[in-house]
Amino acid sequence: MAVARTGRGRRRREAVVSMPMNGPMNGKARTERRRRVWRMWMLGLVMAMGGGSVLYAQPVEDPGAGVVALVAEQIPITAADLSAYLAERPHLVATQPRAEAYRQALDALVTAALKRVDLFASGLAADSALLRQVHRIATEELVLAYARHRYEEAYLNEEAIGREHALMGRVVHARQLVLPRPAGASDAALDSLRAVVEGVQQALEAGTPFETLRLRYAAGQTAPRTLRITWEMTARNPRAYHLFRLAPGDVRSFEEPHRFSVVQIERIERHDPPPMAEARPRIVEALQGRHAAAATRAYRQEWLALVDTLALRWNAAALDRLVAWANTPGFFEGRYTETVRAYLADHPDAVLLDDGRGALRLSDLPRLFDEVLTLRRSGGRTVAYMQDFLLEAVRTRRLAERARALGYWDRVWRPDTPSPILAGAFVRYYDEHVIAARLPHPTMADLQAFYQAHLDSLFYQPARVYTEIITRSRCAEVAALRDRILQGVPFEEASHRRLIRSYERTRSGQIVTRNSREPAYFGALAFGLAEGEVSEPVAYEDPREGPRCALVRVTRRLPEGPRPFDKIRDEVVDAFTAHHRQRLEREVAASLRARYPVTVYPQVLHALADGAL
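The model shown is predicted, which means the values in this text are computed figures rather than measured ones. (Residues numbered from 1 in each chain as written. Predicted model: local features only at pLDDT ≥ 70, side-chain atom pairs only at ≥ 80, totals over all residues. Heavy atoms only, no water.)

Enquirer: Break down the nonpolar core for me, with residues and values.
Expert: Among the nonpolar cores identified, the biggest contains 83 residues, and Val68, Val71, Ile77, Leu82, Leu106, Leu119 and Trp413 are the most heavily contacted of them. At 10 residues, the largest contribution of residues to this core is made by helix 4 (residues 98-121). If sequence neighbours within four positions are ignored, Leu82 has contacts with Val68, Ile77, Tyr102, Ala105, Leu106, Leu109, Leu605 and Leu608. Formed by 31 residues, the second largest nonpolar core is a distinct cluster that contains Leu322, Leu365, Tyr385 and Met386. (Core = buried A, V, L, I, M, F, W, Y, C linked by side-chain atoms within 4.5 Å. Buried < 20%, exposed > 50% of the residue type's maximum accessible area, 1.4 Å probe, protein only. Helix = DSSP H or I, 4+ residues; strand = E, 2+ residues; numbered from the N terminus. Contact = heavy atoms within 4.5 Å.)

Right, here's the structure in full:
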């Protein structure tokens, strides 16, 4: 740790700021209790690590920020959103051209955003039923919004990012004089050295030439006499951060474990900073590295102070009652409300805990579990565990109440909510009330008419064959495997590396690979094999791996022809429902697009499809 000295002899300690750890404790928490204890403190670490921070994105007016579309002038759809959507649905990319996959992803995300907009515009978002479904999630997001705004945005905001961006065009040139700090030096010797360093600093500030002082005090120094300090150095070096912001002529001295140094700023060089789109992630990372640990500590202190542990009192009898419930099968799985209600019908209410700022009663538990915090399962709970759990729940509730009083609810309960979980819940609720509520209930006549109308497209079975395939680079190896199989070794034991492929013969006679764009290398061969039959070794050319050899076994065959209605009635019901759900989805999507503006940046979409982003 270095001690920086100002010109008047005052000493200011420059602490090295490090990033907080990546997870609770050693990252391998062994119990649910340990994970819960740290969960709310980890909200601070999520903040510190920048998880989900909207400040990573540039303003949406700039297409260079990776914004692909802007929905209703308030919800941006980014390149990262599309990539994440397709990462969860790899079949979309595997079965069609990349450009079409990204177009479909954009359509889906735009429609989902429009549904959230209309959910609030129509008043559906005010339904109490929606809040009941997601209240615990909303409470946690409320606390997270409070933590981010109060602690993260104090140092990570557009103004701070703009200042750092301007500084990226600055290079500071300085000169330094270094005096070794002898190992094992006495306090008196160190004080003498400090006096020398302070005298050098004062002489430089008085105008004595640097070279004169260097020759007098450090003629034989081997450390660099000149320094070139860039913005990048300040992101990892507190000493460089301190010097970087000084003006020409300023002097500072430092006491370090192995040396003393005196530095004088010589001149400032300026050039154009890199484009903001390129610089932003580096700036955010630097700001977090400098400030996140202190912000997390401050958040933790506020979190702990929410309960007055010195005044805290527990009711042992009520606590024992809760522990007994918590160890009863089904309590946390959904029976806690009826359990508490039945108990209170025959017993007086009781205080569980009280710290002078508020009491928690048995009658408060159902609401606490519904709206704030609950456990996934019952059983294995001790008194200490439940005390810890209740303290976390009470702290969460109190901080959420504080956040709501300060207006943070409006940051969470909105169409462009920062919570992916809430966003998904909003869309599901909208679908339930706008689409599912309008689905027709089919009669038998409706189902039979639907079956006849879609017989060829949905209920006609094309000829299909299912296969397992062993591939190797040499046909001799494949032939040896085939000999083992013919001698009685099961196909699946002959090789643990097998391809699973199925092929169909279309109504036009073309053989295609199902659910894949891969050429039907073995389609014609597979249709010529009986069920269970193994082919001869087959040589073929793979476009990526070159010459290959394969062994094909047919595991199942389905003949061509219409599938009887009586045997697939449930499937017809599902297809009927899916058909009308898709129809309503299209109608609703078209209506939403007609009512709310959607701006698409095609250049960003094309860059994604071309792999440039």
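Enquirer: Before we move on, can you summarise helix 17 (residues 420-435) with the specific residues and values?
Expert: Across its 16 residues, helix 17 extends 21 Å between first and last C-alpha, which sits within 8% of the 22 Å expected from 1.5 Å per residue. Buried residues of helix 17: Leu422, Ala423, Ala425, Phe426, Val427, Tyr429, Tyr430, Asp431, Val434 and Ile435, and no others. (Expected span 1.5 Å × (residues − 1).)

Enquirer: Tell me about the packing of aromatic side chains, and please be specific about residues and values.
Expert: Where two aromatic rings form a pair, the distance of their centres and the angle of their planes describe that pair. In total, this model carries 21 aromatic pairs according to the counting rule given. With a centroid separation of 5.8 Å and an interplanar angle of 80°, the aromatic rings of Tyr151 and Tyr299 are classed as edge-to-face. Of this pair, Tyr151 sits in helix 5 (residues 128-152) while Tyr299 sits in helix 11 (residues 276-305), and the two are 148 residues apart along the sequence. With respect to class, Tyr151 is no different from Tyr299; both count as buried. Here Tyr521 and Phe522 contribute two aromatic rings whose centre-to-centre distance is 6.1 Å and whose plane-to-plane angle is 55°, an arrangement assigned as tilted. Take Phe522: its relative accessible area is 3%, and that puts it in the buried class. A connected cluster of aromatic rings, assembled from ring pairs, spans Trp325, Phe331, Phe332, Tyr336, Tyr343, Phe369 and Phe389. It is Arg239 that lies over the ring of Phe254; its NZ or CZ is 4.8 Å from the centre. The ring centre of Phe527 lies 4.3 Å from the NZ or CZ of Arg505, which sits over that ring. (Phe/Tyr/Trp six-rings, centres within 6.5 Å; stacked < 30°, edge-to-face > 60°. Lys NZ or Arg CZ within 6 Å of the ring centre and 35° of its normal.)

Enquirer: Go over unusual backbone geometry with me, naming the residues and quoting the values.
Expert: Glycine aside, the phi torsion of most residues is negative, and most peptide linkages are trans. One non-glycine residue, Ala72, adopts positive backbone phi at about 55°. Summarising the element assignment, Ala72 is placed in the loop between strand 3 (67-71) and strand 4 (75-78). The backbone of Glu73 sits at a positive phi, close to 60°, despite the residue not being glycine.

Enquirer: Go over the sheet that holds strand 11 (residues 359-361) with me, naming the residues and quoting the values.
Expert: Ordered in space as 9-10-11, the three strands form an open sheet in which the pairing is antiparallel. Among the strands making up the open sheet, the edge pair consists of strand 9 (313-314) and strand 11. Pairing between strand 9 and strand 10 (residues 351-354): two bridges, direction antiparallel. Bridge pairing in strand 10 places Trp314 opposite Leu353. Across the sheet, helix 12 (residues 316-326) lies against strand 9 and strand 10, angled at about 120° from strand 10, the strand it touches most. Relative to strand 11, helix 15 (residues 383-405) is tilted by about 120°, and along the sheet it contacts strand 9, strand 10 and strand 11. (Pairing = 2+ DSSP bridges. Axes fitted to C-alpha atoms, helices over the stretch in contact; angles between N-to-C directions.)

Enquirer: Describe the state of the cysteines, with residues and values.
Expert: Taken as a whole, this structure holds one disulfide when the rule is applied. One disulfide in the model links Cys475 with Cys549; its S-S distance is 2.2 Å. Between Cys475 and Cys549, the disulfide has an S-S torsion of 100° and is therefore right-handed. Within this pair, whereas Cys475 is found in helix 20 (residues 475-486), its partner Cys549 is found in strand 17 (residues 546-558), the two being separated by 74 residues in sequence. Residue class for Cys475 comes out partly exposed when judged on its relative accessible area of 34%. (Disulfide = S-S within 2.5 Å.)

Enquirer: Tell me what's going on with the environment of Ala286, and back it up with residues and numbers.
Expert: As for its position among the elements, Ala286 is in helix 11. Put simply, Ala286 and Thr234 are 52 residues apart on the chain and 8.2 Å apart in space, counted from C-alpha to C-alpha. Here Ala286 is in contact with Trp231 and Ala235, once residues within four sequence places are set aside.

Enquirer: Got a sec to walk through helix 23 (residues 569-595)? Specific residues and values, please.
Expert: Across its 27 residues, helix 23 extends 39 Å between first and last C-alpha, which sits within 8% of the 39 Å expected from 1.5 Å per residue. Of the residues making up helix 23, those classed as buried are Val572, Ala575, Phe576, His580, Leu584, Val588, Ala589 and Leu592. Next to the buried residues of helix 23 lie helix 4, helix 17, helix 18 (444-453) and helix 19 (455-458).

Enquirer: If you had to explain the sheet that holds strand 15 (residues 511-513) to someone new, which residues and values would you point to?
Expert: Sheets are built from strands paired through backbone hydrogen bonds, the pairs being either parallel or antiparallel. Across the sheet, which stays open at both edges, the five strands sit in the order 15-14-13-17-16 with antiparallel pairing between neighbours. The sheet is open, and its two borders are formed by strand 15 and strand 16 (538-542), each paired with just one other strand. For this sheet, the mean angle separating the axes of adjacent strands, direction not counted, is 40°. In this structure, strand 14 (residues 499-505) lies alongside strand 15, joined through three bridges in antiparallel fashion. For Arg505, the partnering residue across the bridge sits in strand 15 and is Ile511. Sitting on the sheet, helix 20 is in contact with strand 13 (463-472), strand 16 and strand 17, with an inclination near 30° to strand 17.

Enquirer: Give a detailed account of the pairing of strand 10, specifying residues and quantitative values.
Expert: Pairing analysis gives three bridges linking strand 10 to strand 11, with the strands arranged antiparallel. What sits directly across from Val351, in strand 11, is Arg361. In textbook terms, the turn of a hairpin is the stretch between consecutive antiparallel strands, and for strand 10 and strand 11 this stretch comprises four residues, one of which, Gly356, has a positive phi near 85°.

Enquirer: Help me get a handle on the side chain of Gln264, residues and values and all.
Expert: Looking at where Gln264 falls in the secondary structure, it is placed in strand 8 (residues 259-270). Gln264 gets classed as buried once you look at its relative accessible area, which sits at 9%.

Enquirer: An account of the packing of helix 2 (residues 79-87) against helix 4 is needed here, citing residue identities and associated values.
Expert: Running from amino to carboxyl end, helix 2 crosses helix 4 at an angle of 105°, the nearest separation of the two axes being 9 Å. Between helix 2 and helix 4, the angle falls in the class roughly perpendicular. Between helix 2, through Asp81, Leu82, Ser83, Tyr85 and Leu86, and helix 4, the contact on the second element is made entirely by Ala101, Tyr102, Ala105, Leu106, Ala108 and Leu109. When grouped by side-chain class, the residues that make up the contact of helix 2 with helix 4 number nine nonpolar, one polar and one charged. (Parallel < 35°, antiparallel > 145°, perpendicular 65-115°, else oblique. Nonpolar A, V, L, I, M, F, W, Y, C, P; charged D, E, K, R; others polar.)

Everything listed here is a matter of geometry and, on its own, says nothing about what the molecule does.
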